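So the chains spell out like this:
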Amino acid sequence: MGTLFGSLSTALSAIQADQTAVQVTTNNIANANTKGYDRQVPLLEESSPVDIDGLLLGSGVTVASVQSMRDNVLNLRLNSETQQQSSLNTYVSGMQQVEAIFNEASGAGLSSAIDGFFSSLQALSANPSDSTLRQSVINAGNTLAEGFNSASSALQQVQSGTDQDVVQTVQQINNLASQIASLNQQITSLQGTSEGPGDLVAQRDEVLNQLSNLVGNATVTASDGSVTVSVAGGAPLVAGDQAFQLTTQADPTTGMNQIYSQGANITSAITGGSLGGDLQVRDQEIPSLQQSLDNLAASLISNVNSANKQGYDLNGDKGKAFFTPFTPSSSGSNQGAASSMSMAITDPSLVAASSDGTVGSSGNLQNFANVQTNAIISGQTADSYYANLVGDIGTSISSASASATAAGLVIQQLQNQQSSVSGVSLDEEAANLMKYQQAYEAAAEVVSAINNLTDFCVQNMGAQASGA
Amino acid sequence: MGVSLNTDLYQTVMQGIDTLQQNENNDLQEMSSGKQFNNLSEDPVAVSQLVLNEAQASNVNQYLQNVTTLQNGLQLADSTLNSVVTALSQAMSLGVEGANGTLSDSDRQAIATQVSGIAAQVLSLANTTYEGNYLFAGTAVTTQPFTQDSTSPSGVTYKGNGSTNSVQIGDGEYIPVNLSGSQVFTPSGSDVFAALQGLVNALQTNGDVAGANTQLQQVFNRFNTQRTFYGATLSRLQSTQDYLTQEQEQLTSAQDQIEGSDMATVISNYDQTETALDATYQAAGLIPHMSLLDYLH
């Protein structure tokens, strides 16, 4: 047979459970705008029934656990898309600085200097002894050399700016790694306890997402709840409660900071995240552009020089080098040709326009004109080589930003999906609140009814007993 | 499972506003610059074309300038040679006059003096300069080509050279722009100065004046043939100029087509974007009012 006090304790369990449920709901509402927060749900469970005189009677309700709503697969996909998007965005913004150096679309860039140089020579052909025209050839040569100098040094500036970003990003990565390690430790210690590590796991997910913004990484969740994080295809960053710091050290030849993990240089293996994007700009795009610029400069220097040497200057002497001849430091590499390009002659009379030593001959200027029209570099004319170079820069940027936009859309969708699993809807929480409030009121009503019944028992049955 | 509309809508609206503002910026930039693109990455292929187009345009502009410079020099050369023709015609008339057997010695002397004067005039014309350069010195343009020389039978020595110069007026197209002084004035057997001197000598010595004049006539004919070079070159330059001007126009219009923006389209795009942006702002203003919590009392 059931008892009044049995009912009282059942009602009490309901009141307690509803209080807990309201608490969870309140926490959800409080964190409605917390980034990375996973919505929590109280899992109510019927208490074990009690056998009273052969009757199995329910004994109320308990909150078995508070569950965080999370889709781990979604989180992983979101992290991997974030790595890609962040890498592309960083790449695009780095390359946009490069783009500005060669922005032919707005009239900046080298092509006007190249065109101006050949124009000045053609102008000279109409009046080869004119000192003003000769001076403008010298000036145009200077402008061309300075154009190459400044393009080359601007590239170097972008490169060293990117290098500084790399160092800062590595510091941020180390910082996040320490946070993950410490969260790992707390999560492991709470694993299996009634409190559960839900909030901490959500926090760690958020830090992992921040990490994905910075660098491509792979994560493995262990049975104790901790995650192991590695970068660059296997270099450890976090294992359990331990963070392995990455270090940077400048390369003695290039001056660019290399990234080390446990003593091993992992720079070239790093992909993804803003670090991946920065490294791609710093170690691949800029060196390759610098090389193209050097090759173009070296080719112009040697061809213009040999054109000048084929003719005679205004004094009737055999022509000399026009630009300072470039001597490669190592064979097969024109490194430094663009940055060191300069005029070998400053005297206008030394422009070798004449083909026979007479002052009125402009026959040798044909050799200069041929430098412009002949395929002098990689089977192309200087103009088309340069046109392709700027075209390639533009194409790299536009295709990377298209991919970044696409990745952004995927991320938006994943975030929508994620928030439909983990996100807090105030409407839903409000409805839950009403539900738990009503349940609480009902249980309180039961308590009050039992109170009345008990009162009734005590008053009436007690009075009967005392009256007897 | 709850669809958390609140946070999502904000994000979606923000992304929408971002995109729309970016579009609006691009349109504004296009309107103000009149160019379809202001960065390489907006249209890499077009920018590559633009670089080549500009290189070509720069060449064509220079060819056109060269043509103009050459025209000035060639016109001066042509008119100088015209003056020489007039002078030689005068000399020939004087020769006919001097061949008249009834003339006295002093009359012939007077005519000889006039012919000498003409010879001096022709010498001066042959030393004409343009912008400091001698027109008839071959490529030795800073050396005075014709000087008086009493040791020479013609009384004149050529100090220039026999070279001619060519100037580029098109891609791979070079045009010879002068004749050397020795080709024009002193080809062997048709030396202008020798012929004039011959006439003077005949007049002074009462020699074969008619024969000397016939010789001068032959030299004159030869000279006239030579000088057509300048007229022909000028007319070739004229047609080159027409062609280059046309090419310049084509290149300019190609450039406009590559980079010029279509204002009507841009402005209508801009209007559309602005309308969409307005609507998005209004929608964003409505979001905060929608929560069940507002109805809980």
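Residues numbered from 1 in each chain as written. Chains lettered and ligands numbered in written order. Predicted model: local features only at pLDDT ≥ 70, side-chain atom pairs only at ≥ 80, totals over all residues.

## Here's the deal with the overall build of chain B
Within chain B, the secondary structure is distributed over 7 helices and 6 strands. Beginning at the N terminus, the succession of helices and strands in chain B can be written as α-α-α-β-β-β-β-β-β-α-α-α-α. C-alpha extents for chain B along the principal axes are approximately 145 × 30 × 25 Å. Excluding contacts between residues fewer than 6 apart, the proportion of contacts in chain B whose partners are at least 24 apart in sequence is 67%. (Helix = DSSP H or I, 4+ residues; strand = E, 2+ residues; numbered from the N terminus. Contact = placed C-beta atoms within 7 Å.)

## Some details on the overall build of chain A
Within chain A, the regular secondary structure consists of 9 helices and 11 strands. Taken over the C-alpha trace, chain A has a radius of gyration of 38 Å; the compact-globule value for 468 residues is 23 Å, which it surpasses by more than 25%. Seen through its principal axes, chain A has C-alpha atoms that stretch 150 × 45 × 30 Å. Taking contacts inside chain A between residues at least 6 apart in sequence as the whole, the part at least 24 apart equals 71%. (Rg over C-alpha atoms; globule rule 2.2 N^0.38 Å.)

## Considering the interface of chain B and chain A
Across the contact, 51 residues belong to chain B and 56 residues belong to chain A. Listing elements by their share of the side of chain B that touches chain A, those giving two or more residues are α1 (5-33), α2 (44-98) and β5 (166-170) of chain B. No other element matches α2(B), which puts 15 residues into the side of chain B that touches chain A. Within the side of chain B that touches chain A, the residues separate by chemical class into 21 nonpolar, 25 polar and 5 charged. (Nonpolar A, V, L, I, M, F, W, Y, C, P; charged D, E, K, R; others polar.)

## Concerning the domain arrangement of chain A
Residues and elements named next belong to chain A. For chain A, the assigned domains are domain 1 (4-69 + 423-467) and domain 2 (76-413). Averaged C-alpha coordinates put domain 1 and domain 2 at centres separated by 66 Å. For the side of domain 1 that touches domain 2, the leading source of residues is strand β4 (residues 61-68), giving 3 residues. Of the residues assigned to the side of domain 1 that touches domain 2, the class counts are 2 nonpolar, 4 polar and 2 charged. (Domains from an automatic or database assignment.)

## Observations concerning the nonpolar core
Looking at soluble globular proteins, one finds that nonpolar side chains tend to be buried together. One finds Ala297(A), Ala91(B), Val115(B), Leu196(B) and Leu199(B) to be the most contacted residues of the largest nonpolar core, which totals 124 residues. Residues in contact with Leu196(B), not counting those within four places in the same chain, are Ala91(B), Val115(B), Ile118(B), Ala119(B), Val122(B) and Leu216(B). In this structure, Ala181(A), Val229(A), Val231(A) and Val424(A) belong to the second largest nonpolar core, which totals 31 residues. (Core = buried A, V, L, I, M, F, W, Y, C linked by C-beta atoms within 7 Å. Buried ≥ 20, exposed ≤ 12 C-beta atoms within 10 Å, placed from the backbone.)

## Considerations on the packing of helix α5 (residues 198-214) of chain A against helix α6 (residues 273-310) of chain A
Residue and element names in this part refer to chain A. Relative to each other, α5 and α6 sit at 5°, their axes nearing to 2 Å. Relative to α6, the element α5 is oriented roughly parallel. Note on element contacts: α6 touches α5 through Gly 273, Ser 274 and Leu 275, opposite Ser 212, Asn 213 and Leu 214. (Axes fitted to C-alpha atoms, helices over the stretch in contact; angles between N-to-C directions. Parallel < 35°, antiparallel > 145°, perpendicular 65-115°, else oblique.)

## Section: the packing of α6(A) against helix α7 (residues 365-373) of chain A
All names here are of chain A. Where α6 meets α7, the axes come as close as 8 Å, and the angle between the chain directions of the two elements is 165°. Relative to α7, α6 is oriented roughly antiparallel. The hand of the α6/α7 crossing is right-handed. Facing Asn 303, Val 304, Ala 307 and Gln 310 of α6, the residues of α7 in contact are Asn 367, Phe 368 and Val 371. (Left-handed = near helix turned anticlockwise from the far one by under 90°.)

## Considering the sheet that holds strand β11 (residues 264-265) of chain A
All names here are of chain A. A sheet is described by the order of its strands in space; here 3 strands give the open sequence β9-β10-β11, paired in antiparallel fashion. Each having just a single partner strand, β9 (246-250) and β11 make up the two edges of the open sheet. Across 5 bridges, the pairing between β9 and strand β10 (residues 257-261) is antiparallel. Within β10, the position partnered with Leu 246 by the bridge is Ser 261. Helix-sheet contacts for helix α4 (residues 131-190) involve β9 and β10, and the interaxial angle to β9 is about 160°. (Pairing = 2+ DSSP bridges.)

## Details of the environment of Leu81(B)
Residue and element names in this part refer to chain B. Tracing the backbone through its elements, the reader meets Leu 81 in helix α2. In sequence terms Leu 81 and Thr 102 are 21 residues apart; their C-alpha atoms lie 34 Å from each other. Residues in contact with Leu 81, not counting those within four places in the same chain, are Arg 227 and Tyr 230.

## Observations concerning the confidence of the model for chain B
Residue and element names in this part refer to chain B. On average, residues of chain B score 88 in pLDDT, and 94% of them reach the 70 mark or higher. Confidence drops under pLDDT 50 across residues 1-6; counting only partners more than four residues distant or on other chains, this segment forms 17 contacts. In the predicted complex, the global pTM is 0.82; the interface-specific ipTM is 0.80. (pLDDT = per-residue confidence, 0-100.)

## A short note on the pairing of β5(B)
Two faces belong to every sheet, and in a regular strand the side chains alternate between them. All names here are of chain B. With 4 bridges connecting them, β5 and strand β6 (residues 173-176) associate as antiparallel partners. Residue pairing for β6: Ser 166 is matched across the bridge by Pro 176. Linking β5 to β6, which pair antiparallel, is a turn of 2 residues; within it Gly 172 sits at a positive phi near 70°.

## Quick word on helix α3 (residues 105-126) of chain B
Between its terminal C-alpha atoms α3(B) stretches 31 Å, which fits the 32 Å expected from 22 residues at 1.5 Å a residue. Contacts from the buried residues of α3(B) go to α2, β3 (146-148), α4 (181-184) and α5 (192-205) of chain B. (Expected span 1.5 Å × (residues − 1).)

## What to know about the environment of Glu24(B)
All names here are of chain B. On the secondary structure map, Glu 24 appears in helix α1. On the basis of neighbour count, Glu 24 is assigned to the partly exposed category, with 17 C-beta atoms found within 10 Å. Sequence separation between Glu 24 and Thr 273 is 249 residues; the distance between their C-alpha atoms is 6.3 Å. When neighbours within four sequence positions are excluded, Glu 24 is seen to be in contact with Tyr 270, Thr 273, Glu 274 and Leu 277.

## Digging into unusual backbone geometry
Trans peptide bonds make up most of the peptide bonds, and negative phi angles are found at most residues other than glycine. Non-glycine residue Ser378(A) carries a positive phi angle of around 50°. By secondary structure assignment, the location of Ser378(A) is in the loop between α7 and α8 (382-422). Phi at Asn206(B) takes a positive value of approximately 55°, unusual for a residue other than glycine. Of note, Asn206(B) is situated in the loop between α5 and α6 (209-259). Classification of Asn206(B) as partly exposed rests on a count of 13 C-beta atoms within 10 Å.

## Remarks on the sheet that holds strand β7 (residues 235-239) of chain A
Residue and element names in this part refer to chain A. Reading across from one edge, β5-β6-β7-β8 is the order of the 4 strands in this open sheet, with antiparallel pairing throughout. In this open sheet, the two strands that pair with only one neighbour each are β5 (217-221) and β8 (242-243). Relative to β7, strand β6 (residues 227-231) is paired through 3 bridges, and the arrangement is antiparallel. Note on β7: the bridge partner recorded for Val 231 is Ala 235.

## Overview of the environment of Val266(B)
All names here are of chain B. If you trace the backbone, Val 266 turns up in helix α7 (residues 263-286). Look at Val 266 and you get partly exposed, because 18 C-beta atoms sit within 10 Å. Linking Val 266 and Val 47, residues 219 residues apart in sequence, is a C-alpha distance of 20 Å. If sequence neighbours within four positions are ignored, Val 266 has contacts with Asp 27, Glu 30, Met 31 and Ser 261.

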